[in-house]
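# Notes for the structure review
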Amino acid sequence: MNDKLDVLAFGAHPDDVEIMCAGTLVKLAREGYKVGMISLTGGESGTRGTPQDRKKEFTTATAIMSLKTGEILDIPDGQVHVSEANKIKVIKTLRKYRPKIVMAPHWETRHPDHSQCSYLVRQAVFASGLKNLDTGQQHYRPKNLFYYMELYDFTPSFIIDISETFEIKLQAIQAHQSQFYNPDENNKEQEQTFISSPEFFDYIRIRAQYWGHKMGVAYGEPFYVREPVGLQKAGDLLHIKTFWR
Ligand SMILES: [Zn+2]
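Next up on the list: the sheet that holds strand β3 (residues 69-72). Spatially, seven strands are ordered β3-β2-β1-β4-β5-β7-β6 in an open sheet, and the strand pairing comes out mixed. A strand with exactly one partner marks an edge of an open sheet, and here the two such strands are β3 and β6 (158-161). Adjacent strand axes in the sheet meet at a mean angle of 25 degrees when their direction is disregarded. When strand β1 (residues 7-11) meets strand β2 (residues 35-39), the two strands line up parallel, connected through five bridges. Residue pairing in the sheet places Phe10 in a bridge with Ile38 of β2.

Have a look at this one:
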């Protein structure tokens, strides 16, 4: 079976990628690219939802987003740090899917697991290209690593127009029923978290509108690249959009 992907996005928990960059991933899938997402943990330390619930919700979100794969690695929740064991797990995943592009959270963020996910993925992306690091697979290094934005703002290197895929992004987030607001009675009994209030979805929309405005479209998702972005065709300059219109 050919598992090769064009784009692979990593998150620490089974809803991180959906919240932060689902619009871009759905857009890439619609443009014909093979896209997948990985959750490093099953999210078993979260306040709400059993690991079984969360796995099912992740699978549903993967289908809603038309992704080729959605996989949960077996790193224990709360132990997402740069260790040799965790690095090997990510390297094996990279060598299995051989994505051209990798996405990960920006390291400046609120949740320690998310920062650690960022550091871990960066180290693994590099180490995956080392021939003498043996995992029983062919060595492989992705071409680029792009960081998606969480709570802390940075000046983006680029913004993707997600106007056409924003509603699908919301559906993918809502697939995580155990985590988010749901008007059902039982749900009200549950402990509330940062993301379980009805206002959380307003926040998602407003953030996407804010970044969309920066490029003159309805909704956008911002990314950061540590390296300068090079364009091979000078004519690509003609397609860059800013709020100057
Ligand atoms: Zn998370």
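Let us look at the pairing of β2. Of all the five residues making up β2, five are buried; the element is thus mostly covered by neighbouring parts of the structure. With burial as the criterion, each face of β2 is covered, one bearing Val35, Met37 and Ser39 and the other bearing Gly36 and Ile38. The parallel pair β1 and β2 is bridged by helix α1 (residues 16-30), and the resulting crossover is right-handed. In this structure, β2 lies alongside β3, joined through four bridges in parallel fashion. Counted as the bridge partner of Met37 is Gly70 from β3.

Attention now moves to the nonpolar core. Grouped together as the largest cluster of nonpolar side chains are 57 residues, with contacts concentrated most on Ala9, Phe10, Leu25, Met65, Met103 and Val121. Top element by residues in this core is α1. It accounts for nine residues. Contact partners of Phe10, with chain neighbours within four places excluded, come to Ile38, Leu40, Val102, Met103, Ala104, Cys117 and Val121.

Before going further, it helps to examine the pairing of strand β4 (residues 101-105). On a regular strand, each side chain points to the face opposite its neighbour's, so the side chains alternate between the two faces of the sheet. Within β4, four of the five residues are buried, leaving the element largely enclosed by the surrounding structure. Bridging between β1 and β4 involves three bridges; their strand directions are parallel. For Val7, the partnering residue across the bridge sits in β4 and is Ile101. What joins β4 to strand β5 (residues 144-148) is helix α4 (residues 112-127), and the crossover it makes is right-handed.

Let us look at unusual backbone geometry. The backbone phi angle of Ser66 is positive, close to 60 degrees, even though this residue is not glycine. Structurally, the position occupied by Ser66 is in the loop between α2 (51-64) and β3. The backbone phi angle of Arg98 is positive, close to 45 degrees, even though this residue is not glycine. Here Arg98 is to be found in the loop between α3 (84-97) and β4. Note on Arg98: 18 C-beta atoms within 10 Å, which makes it partly exposed.

Definitions and limits used
Residues numbered from 1 in each chain as written. Predicted model: local features only at pLDDT ≥ 70, side-chain atom pairs only at ≥ 80, totals over all residues. Pairing = 2+ DSSP bridges. Helix = DSSP H or I, 4+ residues; strand = E, 2+ residues; numbered from the N terminus. Axes fitted to C-alpha atoms, helices over the stretch in contact; angles between N-to-C directions. Buried ≥ 20, exposed ≤ 12 C-beta atoms within 10 Å, placed from the backbone. Right-handed = clockwise from strand over helix to strand, strands pointing away. Core = buried A, V, L, I, M, F, W, Y, C linked by C-beta atoms within 7 Å. Contact = placed C-beta atoms within 7 Å.

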